[in-house]
Structure formats: C-alpha cells, structure tokens
Amino acid sequence: MTSQELRASFVEYFVSNGHAHLPAATLVPPEMSTTLFTIAGMEQFVPVFLGEAPTAVPRAVTVQRCLRVAGAKSDIENVGRTGRHGTFLEMLGNFSFGDYYKREAILFAWEYLTERLRLPAERLHVTVHTSDEEAQRLWEQEIGLRSSRITYFDEENFWTMGATGPCGPSTEIFVDTGAENASGPHDTGPNAGDRFLEIWNLVFQQFNRTADGSLKELPRKNIDTGAGFERVLAVANGKASMYDTDLFLDLIAAQPDVGETPLDDAEQLVRRRIIADHARAVTFIIADGIAPSNTDRGYVLRFLIRRAIRNGRLLGYPRGFLTPLVPAVVRSLGPGYPELIEARPRVEQTLGAEERAFDRTLERGMEMVAGLLDAAKASGTPLAGTDIFTLHDTYGFPSELTREIAAEQGIAVDLMGFEHEMEEQRRRGREDALRKRPVVVAKEDVPAARAATTSTDGGSNETQFTGYQGLETDATLLAIVRDGAHVEGIEAGAEADLILDRTSFYAEKGGQIGDRGTISSDGAAFDVTDTQFLGNGKRVVHRGSLVHGMLRVGQRVHAAVAPQWREEIRREHTSVHLLQRALKEIVGEDVVQRGSWVGIDRQRFDFSGPSLTPEQRAAVQRRVNELIRADYHREVIELPIDEARKTGAITMAGEDYGDRVRVVSFGPSKEFCGGTHAETSGELGTFIIVSESSIGSGIRRIESIVSRSADAYIERQQNVLASLSEALSTKPEELAERIARLQNETREAQKAAAELRSRVAAADADAYVKRAETIAGRQLVAAVVPDVDADALRTLGNAIRSRLRTGIIALAGVQNGSVSLFVTVSDDLTKSGVHAGNLVKTAAPLVDGKGGGAPGQAQGGGKKPEGAEAALGAIRTALGA
C-alpha cells in the first residue's frame with residue numbers, strides 16, 4: 001500500500017461512517033494555542049471541545065500535518081535512530097463532538113485496522129488508563145480481546161496537549177512487530193521497548209486542565225483519535241520502520257552519494273534518514289508561511305535547516321544539497337497537500353537563501369566549535385555557556401546543535417551559563433521595549449485596579465472603541481495610573497495614564513501606532529502622547545500629561561484625536577494594503593507579509609520573498625500609484641470568521657482575529673484588518689518607495705511614504721537636484737552623464753596614484769629587504785612605516801614579497817593616530833607551521849586592536865601608534881627571537 005492509497009483509504013472509511021472530511025489546519029496553530037506548532041489533529045477543534053465555539057458537524061475526519069520538535073511531544077533525539085520517530089508527521093484522526101463516545105470509537109478503530117487494512121488481530125495489543133473500567137469492558141466484551149493483551153497505565157494513558165487545555169484518559173493500540181525487534185528479554189508488552197509499536201491513540205476528551213492544574217469537566221464528552229500515518233503505513237506494508245516506506249525511501253534515494261566521511265555504514269544511514277525527515281519538515285514549515293529567523297517558529301525552522309546541513313557535511317555531501325531535495329518532498333506529499341505544489345518556488349527560494357547563508361559561516365563556526373571542544377576536553381571542564389552563546393549569537397549556531405555536537409564527543413555543556421546569557425539578552429530587549437508598554441499595576445494595587453476598571457455598562461472589562469465612527473467621543477474617566485499606582489486625581493504638570501469606558505483613540509495594534517490628541521473636562525486638558533492596550537488587550541490606556549486644570553476618577557471627559565495625526569496615519573496604513581496587493585501582482589502571490597509598522601510620516605512593510613529588481617521596484621511603485629489614482633472608495637464589512645475567509649481576503653498566518661473580523665477593501669485590495677483607513681485611495685496623493693532591503697534571511701523590508709510626507713520628499717529631492725545642477729554647472733537631466741564623467745576621471749586619478757605608490761613601494765622594497773634579519777633560521781622583514789594607510793601598506797608588503805621569496809614580512813603602518821598591521825608568510829614557511837593570522841593576533845593587542853587571517857597573509861589594526869614597535873617585537877618573540 002502506498003502512502004497516497006492509505007490517506008484515501010482512511011478518509012473514505014470514516015466518510016462512509018457519517019464523518020465530514022474537514023481540511024487540515026496549517027502547522028501554525030491558532031493564537032490561543034499553547035504550542036509553537038500544530039502537534040495534533042485536535043488542535044483546530046480546541047474551542048469546540050471547550051464549548052467556546054459551535055461546530056458545523058457532529059463528527060469529522062482529518063489528515064493533519066504536525067511538527068514535534070520541542071516540549072513533551074518532541075521526538076528530535078530519536079529521529080533517524082528508531083524506525084518510529086520523526087519531527088514532521090501526519091496524524092490520521094476521527095473526531096466526535098458530543099456525538100458518539102468510547103464504544104463507537106473503539107469499534108471504528110478495530111474494524112478499520114482488521115478489515116480495511118487486514119492487520120492480523122492476534123498481533124494487536126491495547127493499553128487503557130488504570131481507572132477506565134468502561135474501556136476495558138469494551139475491549140474484552142465488544143471486541144473479544146483477551147485480558148492478557150490489555151495493559152494498564154496511568155500517565156501514559158492520560159493525554160494532554162500541554163500544561164492547559166482539553167485532556168482525558170486514552171486507550172492505545174499497539175502492533176507486535178515480532179520478537180526479533182525486542183529490546184531485550186523484558187520487552188514483552190507495550191511501552192516496554194521497541195517490539196510493540198503504538199499506531200493509534202483514542203483519547204476520551206472529558207476534562208479541561210486549567211492554569212492551576214485542576215481538571216474541570218468539559219460541557220460534553222468528545223472523541224479525539226490520532227493514528228500515526230507513517231507508523232500505520234509501515235505496519236500495513238509489513239515493515240518495522242517507517243523509514244522503509246515510500247515516504248522516506250524516495251527522499252533518501254534523492255540525496256547525493258556519500259562522499260568522504262568518518263561515519264560507518266550504520267551511522268551514515270541514520271544521518272541520511274535525519275536529512276530526509278528534516279527536508280520534509282522544513283519544506284512544509286516554509287510552505288505554511290514561516291521564514292527562518294532567530295525567534296520562535298523561525299528559530300525552529302533555522303535549527304532544522306542547519307542541523308540537516310551539518311549532517312550532510314558529515315556525509316561528505318556537496319554544498320547546496322538540501323534545496324534540491326524539495327522537488328522530491330513535493331512529489332511525495334503534493335498529492336495529499338496540493339498547496340505544497342503551489343508553494344514550491346517560494347520554498348526553494350527561501351531554503352536556498354538560508355542554505356547559502358549558513359554555508360558561508362559553517363566552516364568558520366565549525367572551526368570555532370572544534371577549538372572550543374578540544375579545549376574543554378583537554379581541561380576536563382564543560383563547554384562554557386558564554387561560548388555556546390557566542391556560537392549562537394555570532395555564528396548562527398543554534399544552541400541545540402552545539403549541544404548535539406558536544407554530546408557526540410562526550411563533552412558536557414554549561415546550559416545554565418548559556419541561559420544566563422540569553423536572559424541577559426532578553427532583559428536588554430525588554431528594557432528597550434518598556435518605553436512602548438503601558439504601566440503594569442503592582443499586586444497590591446490589583447483590588448483598586450479592578451474597582452477602577454469596572455465600567456458603567458454593567459462591569460464590562462473592555463474599552464468601547466468609537467474611532468471608526470469619528471475622532472471625538474464623550475466618556476467616563478474610570479482610572480488614573482501614576483508611577484505604577486492608581487490615584488484618585490491629578491493636577492497640572494502630572495504625567496499619568498488614563499483609562500476611559502469608551503474612546504475614539506486607536507490603541508497601538510497590528511503595526512499601527514497609537515493615536516495622539518486631547519482629553520478635556522471642565523477647564524482641564526490632558527495631552528495624550530501615546531495610546532496602548534493594557535495586558536489583557538481589551539482595556540485602552542491613554543498616556544500623557546495634564547497641561548492645566550484637575551482630573552478625578554469618575555469625571556465625565558471629552559476625548560478628541562488630533563485630526564492631522566489620524567488623517568496621516570490612516571493614509572499610511574491604507575498604503576500598506578495597496579503595497580501588498582501590488583507586490584502580489586508584480587512579484588507573485590507567494591509574497592507573504594511578515595509584519596508592518598505604520599507611523600504618521602512613513603510605513604514599513606516586511607515580507608518573505610526575493611529581493612526586488614530595479615524593474616520590479618519601479619513596477620510596484622507604479623502599480624500602487626495607479627491604485628491611488630483609481631480613487632477606490634473604502635468598503636468595510638464585518639463577518640463571522642468562517643464567512644470572511646471565503647471572501648479571499650488576505651490574512652496573516654498565526655494572527656488571532658477573533659470570532660468576527662473586519663474585511664477592508666480598496667478595489668482589488670482586500671484584507672482582514674482592524675486598523676483605521678482613508679475614505680478613498682485617492683486621499684493618499686503620491687506613493688514613494690524610499691528603500692528596500694534585507695532585515696534577515698529571506699525577509700525583506702520596504703519603507704515608503706504617501707501624502708504630506710511624499711510631497712515633502714519630492715520637494716527635498718528637487719532641491720538636491722537644483723543644488724547639484726548649480727554645483728556642477730549642468731542641467732538636471734544631464735546630471736547622470738556629468739557624474740559618470742567625474743567618476744571616470746576619479747578612477748583614472750586613483751589608478752595613477754596607485755601606480756605611483758607601486759613605483760615608490762618598489763623603490764623602497766629593496767631597502768627593506770636589505771635590512772632583513774634572521775630569526776631561528778628564517779628571514780624576517782619587520783618595520784614601522786610612517787604615514788601610510790592599510791592599502792599602501794599592503795602594496796609595500798607585496799612589493800617586498802616579490803623580492804623576498806622565502807621569509808616573513810611584518811609591517812606596522814602609522815597614520816593619523818591609527819595603526820595598520822600586515823603580515824605575509826612564504827609558502828615554504830606556512831608548511832612548517834608559521835601562521836600569519838596567529839602572528840597578527842599576537843601583535844594586535846599591543847596596539848589596542850585586533851586582527852587575524854590565513855596562514856599565508858593576515859592583517860589587523862589598532863588605535864595605539866606608540867605600541868607599533870612593541871607589536872613587531874611580539875612577532876619576533878613568537879618566531880623564536
């Protein structure tokens with residue numbers, strides 16, 4: 001049975017038994033999820049299980065892609081080493097939402113395995129929870145299973161998706177793969193070793209685990225089952241390992257031939273399996289909208305890519321071997337996931353860029369890892385946490401990869417030290433972010449805060465936003481927070497945060513900065529300089545200072561957003577929508593938004609995709625301006641989330657949109673968005689792309705402007721052109737030609753100067769060679785050269801080298817308070833162990849600098865000219881003087 005046949009067989013069986021075939025979720029779980037990636041088929045149904053959302057069907061069947069690389073469900077350590085573990089997996093699942101329960105779930109599973117797949121019933125064993133007498137009775141009386149083939153466990157048969165959420169007892173079905181696969185004489189039943197393979201877990205979801213660890217009954221009992229697709233496929237084909245199925249054999253065969261490697265045959269196969277697994281994982285992660293980065297999901301993606309590349313290097317694979325495996329992954333999984341076929345170009349582009357980036361640093365990083373591990377091994381101490389952090393932060397080595405390499409050599413690692421360094425980095429980041437965050441109420445102020453934030457509309461804990469209807473509104477002042485504590489009132493000059501029951505001020509969200517304006521009442525005026533959400537994301541805090549008068553809690557106030565502030569921001573925000581539409585039209589529909597920032601005078605748009613060619617950049621700018629001139633009127637409709645998705649509007653992966661969402665349209669541009677927007681696209685005036693650049697692997701950023709900012713930009717550019725034209729005595733339209741002539745003239749002058757320096761250096765070179773000294777049988781030319789920069793020093797060094805065929809040349813150039821170091825070593829001496837890079841490293845500290853390089857040539861610099869002679873002395877000492 002092929003993988004495609006198994007998928008179809010499972011879905012068809014459950015559809016014939018009244019289940020609706022629902023589409024799978026992406027690997028990016030909903031915002032409310034407690035997991036980084038989707039780890040089970042039931043995740044998309046959590047709100048239904050909890051009774052927080054209705055379901056359109058009473059029973060469902062899905063084939064869900066999952067990723068398990070972190071936390072309790074992680075299988076990363078065993079990937080490739082056992083026949084049953086992988087990071088990327090598919091989960092076959094059937095679900096009941098208050099419809100059928102234990103009896104039907106057990107009967108369905110047994111019938112599918114024994115009648116559809118024709119697995120021998122005598123090879124099947126089950127486990128049940130120690131308290132689940134009903135499941136035990138069903139297996140014995142309904143199925144006819146002997147009690148000797150039923151085993152009881154506690155924690156192993158109580159399924160949870162994390163620290164909180166739906167959970168319940170489970171019963172698992174195992175296949176006896178035969179005594180030849182036993183881990184030892186004790187391996188005689190499930191969970192005792194490798195002989196018995198778990199293939200299906202039937203979870204009886206009846207509890208919700210809350211944050212305090214307590215279990216509360218769900219509104220209704222549900223069924224959540226998960227059959228490991230890869231494992232079932234192996235068993236259906238009489239294989240003990242999933243790596244012996246078509247899912248992996250084709251990917252292993254697609255890999256290059258093994259080159260020079262220290263690994264034996266068995267370990268080579270393990271590494272090839274790891275690469276096959278990781279190729280599947282990274283292809284799907286990228287296809288589901290994630291790009292490599294140093295945080296969260298992007299970090300996991302980067303780790304898997306770099307772990308695969310490192311395993312490829314151990315196998316002697318050539319550079320760039322991973323990206324060519326994408327077509328094989330798509331051929332394998334594409335029939336079950338058509339979206340993978342469409343995403344292939346974007347996957348190859350993203351993966352290729354990341355692979356090239358890591359290839360450039362891998363050798364340097366591996367050299368550093370090897371040196372650090374050798375030092376740790378020699379000293380008998382763990383690999384220092386600071387070194388792990390440096391590898392992570394500077395060389396792009398995920399800490400998990402460093403730990404894995406160390407473990408292969410039997411060297412312990414200082415994880416506490418690494419975590420300390422990471423926490424320090426996070427602390428610095430938090431300190432930077434604190435300037436933009438609202439005040440957090442201290443614990444002792446919680447009762448006061450709770451009382452203060454109880455509004456007049458019956459205790460609602462949410463600020464009513466009226467800003468879509470207008471810039472002004474009347475409200476009640478619910479709370480005043482000053483210096484982290486609630487106060488009853490403030491006087492002129494005081495800085496504070498105000499909380500109202502309703503507001504026309506837009507709080508910073510979705511990349512759009514918060515509004516500014518005034519809150520006034522009875523002669524008092526409060527200047528609002530920022531608007532933010534409180535921690536719960538529902539209360540809005542207005543940050544600023546009282547200009548004059550007095551304000552007290554409970555007072556009626558008038559909130560008014562500054563008109564020009566809102567006007568410009570909504571125009572910039574609208575330009576984000578038009579830009580994304582233009583990018584998808586010009587560059588391709590696979591352009592994916594990664595973030596945005598909207599200010600009063602500019603906007604930033606981050607996206608995953610290739611860098612724009614000059615022609616594409618110009619075309620995108622033209623297209624946005626066409627959309628502006630078309631003067632499309634804003635259209636806004638609010639819909640239930642499921643209906644909104646059917647409109648084809650653009651969404652952001654991982655964003656929590658809630659049950660209802662605003663769909664904002666300007667002609668062909670249509671997006672989910674809760675921000676503020678222009679009335680018509682024509683309001684924007686002119687759109688200008690100011691810059692387009694890389695901000696990370698596979699992530700590009702466009703900065704652009706519209707409206708008044710664009711007008712001011714054009715005026716500045718015109719002034720610059722006028723000034724240049726006057727300075728160069730030419731017309732604006734002839735500036736490019738005039739500057740090109742000047743550049744040619746400059747290059748010719750530089751070329752002439754270089755030739756002159758070479759002749760001077762050649763003339764000086766003979767004098768330096770004549771002053772060569774001999775140290776430990778080797779010739780050394782060492783000199784402090786005044787009034788030369790690094791380029792001139794290198795020219796002189798090369799001139800000396802042409803006359804000194806064997807020996808070391810060490811020069812220190814001094815100019816304008818700085819020092820340049822240049823060292824070359826002839827080939828015969830590098831072979832005997834003399835290393836130019838090490839000599840520069842020895843000398844550089846004496847001029848308060850640093851440097852290094854290759855064995856044959858190296859350079860460095862410093863800012864302590866008086867140490868130049870001492871630096872050369874250090875080189876003499878290192879050579880044996």
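Note that the structure is a prediction, hence the values are computed from the model and not measured. (Residues numbered from 1 in each chain as written. Predicted model: local features only at pLDDT ≥ 70, side-chain atom pairs only at ≥ 80, totals over all residues. Heavy atoms only, no water.)

What follows covers helix α1 (residues 3-15). For α1, spanning 13 residues, the distance from its first C-alpha to its last is 19 Å, which sits close to the expected 18 Å at 1.5 Å a residue. Along α1, the residues that are buried comprise Ser3, Leu6, Arg7, Ser9, Phe10, Val11, Tyr13 and Phe14. (Helix = DSSP H or I, 4+ residues; strand = E, 2+ residues; numbered from the N terminus. Expected span 1.5 Å × (residues − 1). Buried < 20%, exposed > 50% of the residue type's maximum accessible area, 1.4 Å probe, protein only.)

Let us now look at the packing of α1 against helix α3 (residues 102-116). Here α1 crosses α3 at 135°, and the two axes come no closer than 11 Å. The orientation of α1 with respect to α3, classified from their angle, is oblique. Note that α1 runs across α3; the crossing there is right-handed. Facing Leu6, Ser9, Phe10, Glu12, Tyr13 and Phe14 of α1, the residues of α3 in contact are Phe108, Glu111, Tyr112 and Arg116. Residues that form the contact of α1 with α3 fall into these classes: six nonpolar, one polar and three charged. (Axes fitted to C-alpha atoms, helices over the stretch in contact; angles between N-to-C directions. Parallel < 35°, antiparallel > 145°, perpendicular 65-115°, else oblique. Left-handed = near helix turned anticlockwise from the far one by under 90°. Contact = heavy atoms within 4.5 Å. Nonpolar A, V, L, I, M, F, W, Y, C, P; charged D, E, K, R; others polar.)

Formed by 108 residues in total, the largest nonpolar core has its most connected members in Trp139, Ile199, Trp200 and Leu322. Top element by residues in this core is helix α7 (residues 265-287). It accounts for eleven residues. Beyond its immediate stretch of four places on either side in the chain, Trp139 contacts Ile106, Trp110, Val126, Val128, Gly144, Leu145, Ile150, Thr171 and Ile173. Ile513, Leu612, Val620 and Leu684 belong to the second largest nonpolar core, which has 27 residues in total. (Core = buried A, V, L, I, M, F, W, Y, C linked by side-chain atoms within 4.5 Å.)

Further remarks concern the sheet that holds strand β32 (residues 849-853). Taken together, six strands build an open sheet; the order of strands is β28-β29-β30-β31-β33-β32 and the sheet is mixed. One side of each edge strand has no neighbouring strand; the edge strands of this open sheet are β28 (773-775) and β32. Across the sheet, the axes of successive neighbouring strands diverge by a mean angle of 20°, strand direction being ignored. In the sheet, β32 pairs with strand β33 (residues 857-862) via five bridges, with the strands oriented antiparallel. (Pairing = 2+ DSSP bridges.)

Below, the discussion takes up the pattern of salt bridges. For the structure on display, the rule yields 37 salt bridges. The partner of Lys102 in a salt bridge is Asp132, and the shortest N-O contact between them spans 2.8 Å. Residue Lys102 is located in helix α3, and its partner Asp132 is located in the loop between β4 (124-129) and α4 (133-143); the two are separated by 30 residues in the primary sequence. In this structure Asp132 comes out as buried when scored by relative accessible area, which is 6%. Between Arg803 and Asp766 there is a salt bridge whose closest N-O contact spans 2.8 Å. In this pair, Arg803 sits in helix α20 (residues 790-803) while Asp766 sits in helix α19 (residues 735-770), placing the two residues 37 residues apart along the sequence. Here the salt bridges share partners, and the residues they tie into one network are Glu567, Glu568, Arg570, Arg571, Glu683 and Arg708. (Salt bridge = Lys/Arg side-chain N within 4 Å of Asp/Glu carboxyl O.)

With that settled, consider the side chain of Asp606. Summarising the element assignment, Asp606 is placed in strand β22 (residues 603-608). Judged by relative accessible area, which is 11%, Asp606 ranks as buried. Once residues lying within four places of it in the same chain are set aside, the contact partners of Asp606 are Val592, Gln593, Arg594, Gly595, Ile695, Ile699, Arg700 and Arg701.

With that settled, the discussion passes to the pairing of β4. Burial analysis of β4 places six of its six residues in the buried class, the great majority of the element. Of the two faces of β4, both are covered, the one formed by Leu124, Val126 and Val128 as well as the one formed by His125, Thr127 and His129. Across five bridges, β4 lies against strand β7 (residues 165-176) in antiparallel orientation. Directly across from Val126, in β7, lies its bridge partner Ile173.

The values reported here are purely geometric and, on their own, carry no functional implication.
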